Each structure stands twice: as C-alpha cells, then as structure tokens.
Amino acid sequence: SITNACEGTLELTKVSLQDGEDAYSLGSIDRTSLSAGSMAQFIVTFDPYTMGVWATAVRIASSDPATPVAGVDLYGEGVAPVLAVNATSCVFSDYIGCAKECSVFLSNAGNADLWIEDLTFSTGSAELSFDDNHGRNGELPFAVSPGLGVEVFVRYDPVDEFADTAQLTIDSSD
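Residues numbered from 1 in each chain as written. Predicted model: local features only at pLDDT ≥ 70, side-chain atom pairs only at ≥ 80, totals over all residues. Heavy atoms only, no water.

**Student:** Tell me about the overall build of the protein, and please be specific about residues and values.
**Tutor:** A tally of regular secondary structure across the protein gives one helix and 15 strands. Relative to the 2.2 N^0.38 estimate, which gives 16 Å for 174 residues, the radius of gyration of the protein is 28 Å and therefore markedly larger than a compact globule would have. Expressed along its principal axes, the backbone C-alpha trace of the protein runs to roughly 90 × 30 × 20 Å. By the burial criterion, 28% of the 174 residues in the protein qualify as buried. Contacts in the protein between residues at least 24 apart in sequence constitute 66% of all its contacts with a sequence separation of at least 6. When the accessible area of the protein is evaluated, it comes to approximately 10400 Å², of which 49% is carbon and sulfur surface. Across the protein, the mean location of the 6 positive side-chain charges is 7 Å away from that of the 26 negative side-chain charges. (Helix = DSSP H or I, 4+ residues; strand = E, 2+ residues; numbered from the N terminus. Rg over C-alpha atoms; globule rule 2.2 N^0.38 Å. Buried < 20%, exposed > 50% of the residue type's maximum accessible area, 1.4 Å probe, protein only. Contact = heavy atoms within 4.5 Å. Areas by Shrake-Rupley, 256 points an atom, 1.4 Å probe, with all protein chains shown as cover. Lys, Arg positive; Asp, Glu negative; His and termini not counted. Charge placed at Lys NZ, Arg CZ, Asp CG, Glu CD.)

**Student:** Any details on the environment of leucine 83? Residues and values, ideally.
**Tutor:** Within the secondary structure layout, leucine 83 lies in strand β9 (residues 83–85). Separated by 23 residues in the primary sequence, leucine 83 and leucine 106 place their C-alpha atoms 6.8 Å from one another.

**Student:** Before we move on, could you go through the side chain of serine 172 and cite the residues and values that matter?
**Tutor:** For serine 172, the position within the fold is in strand β15 (residues 166–172). Judged by its relative accessible area of 18%, serine 172 is buried. Side-chain polar atoms of serine 172 contact the backbone nitrogen of aspartate 174, separated by 3.2 Å. Ignoring sequence-local partners within four residues, the contact set of serine 172 consists of Leu83, Leu114, Trp115, Ile116 and Glu117. (Polar contact = N/O pair within 3.5 Å; in protein donor to acceptor, adjacent residues only side chain to side chain.)

**Student:** Go over the side chain of serine 38 with me, naming the residues and quoting the values.
**Tutor:** With respect to the helices and strands, the residue serine 38 is situated in the loop between β4 (33–34) and β5 (39–40). Polar contacts involving the side chain of serine 38 include one to the main-chain carbonyl oxygen of serine 35, which spans 2.7 Å. Each residue touching serine 38, except ones within four places of it in the same chain, is listed here: Ile2, Thr3, Asn4 and Arg31.

**Student:** Residue-level account of the pairing of strand β8 (residues 69–78), with values.
**Tutor:** Consecutive side chains along a regular strand alternate between the two faces of the sheet. In terms of strand pairing, strand β7 (residues 52–62) meets β8 through 10 bridges, oriented antiparallel. Across the sheet, residue tryptophan 54 finds its bridge partner in β8, namely glycine 76. Where β7 folds back onto β8 in an antiparallel hairpin, the turn is made up of six residues. (Pairing = 2+ DSSP bridges.)

**Student:** Tell me about the nonpolar core, and name the residues and values.
**Tutor:** Within the largest apolar cluster, 13 residues are counted, with the highest numbers of intra-cluster contacts made by Ile2, Leu12, Tyr24, Leu34 and Val58. Among the secondary structure elements, those contributing two or more residues to this core are β2 (10–17) and β7. When sequence neighbours within four positions are dropped, the list of residues in contact with tyrosine 24 reads Leu17, Val44, Thr45, Phe46, Trp54, Ala55, Thr56, Leu74, Tyr75 and Gly76. Ranked by size, the runner-up nonpolar core spans 10 residues in total, among them Ile116, Phe142, Val150 and Val152. (Core = buried A, V, L, I, M, F, W, Y, C linked by side-chain atoms within 4.5 Å.)

**Student:** For the state of the cysteines, give the residues involved together with the corresponding values.
**Tutor:** Scanning all chains against the criterion turns up one disulfide. The disulfide bridge from cysteine 90 ends at cysteine 102, spanning 2.0 Å between sulfur atoms. Note on the cysteine 90 and cysteine 102 pair: the S-S dihedral is about -65 degrees, so by sign convention the disulfide is left-handed. Here the residue cysteine 90 occupies a position in the loop between β9 and β10 (100–108), and cysteine 102 occupies one in strand β10, the gap between them amounting to 12 residues. Residue classification places cysteine 102 among the buried positions, given a relative accessible area of 13%. (Disulfide = S-S within 2.5 Å.)

Spelled out as structure tokens, the structure:
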C-alpha cells in the first residue's frame, strides 16, 4: 500500500515493475489521487515457473517533489522439483546373443520433492525390456528428495541383426 503522509494531494503517475520479471505480476492500483492521510493499494503476485531466486522492484512515480520515484525491492525464491535424466539415449551393440544393460538415473536437481508418477516403456521388440528397479525404488509413484535419484534399467538382448527401438516416457511433477 501507498500512504500520503504529507499535506496536500499526492498524485500517483505510474506504478510498475522495474524489469518486467515473469515471476511477478502487478495488479491495478485502486486509486491514483491521494488526499492527506489516505492510502492506495495494489497487489504484487509472485508465481515462479521454476526454482531459483527472483528479484525485481516495484517503482512508484508520483508528484512528490522530494521523492518523485520510490521503490520497493522484491525478492522471492521459487521452490520446485526439477527432473534430470543422465541418459537421453541408450545405444547398444547388435551382437546377437550378447545382452547389454543401460542404466538410466532419474534425479531431482530442484529444491522440492519430485514425484515420478509413471514410467511407460514403449517398444515393438521383444528384444528390449525395462526394469523399474521396484525392489530398490519401491512401487510407483517414487518420491525423490532434492539431490537424490532413482535408477532404472533398459536391457537389450538381440536375437537378429535388425535395429530395435524403444521409448521411455517419464511422468513426473516437474
């Protein structure tokens, strides 16, 4: 809120965010002409889209000859999970009869708990398989604390020389 603590009328000419930071939004001010002792109000909303520190300032331009522009610094910290995947692809050799396994580590690079809700493995080949490692990770959904992770595996056991493909889809709270 802005209060006119002086004699006479204070005219508010502009209320704005200093740099237009996306994490903040500024609501409209309820009045722009303030008589002595009266107050105007506005709302600043903080809604970050990811984790991190967000800083800006509200700038208030007015008819005050001593302080034509006043400011209020704003500081907020976004709290969010961030899914990090150590392997975006697994490339296997095609030596028939030589099974290989690829470890995929799903970690939380954020600063709030990450929920891995579902893991969907799609393939048209019986030569590729997926292990969600539930013996160690537990049943889905997995809760992953900041800085920690879970390991899952893709296994390839080729029986012919034809290329095989699969896709792992991760449904998480990120």
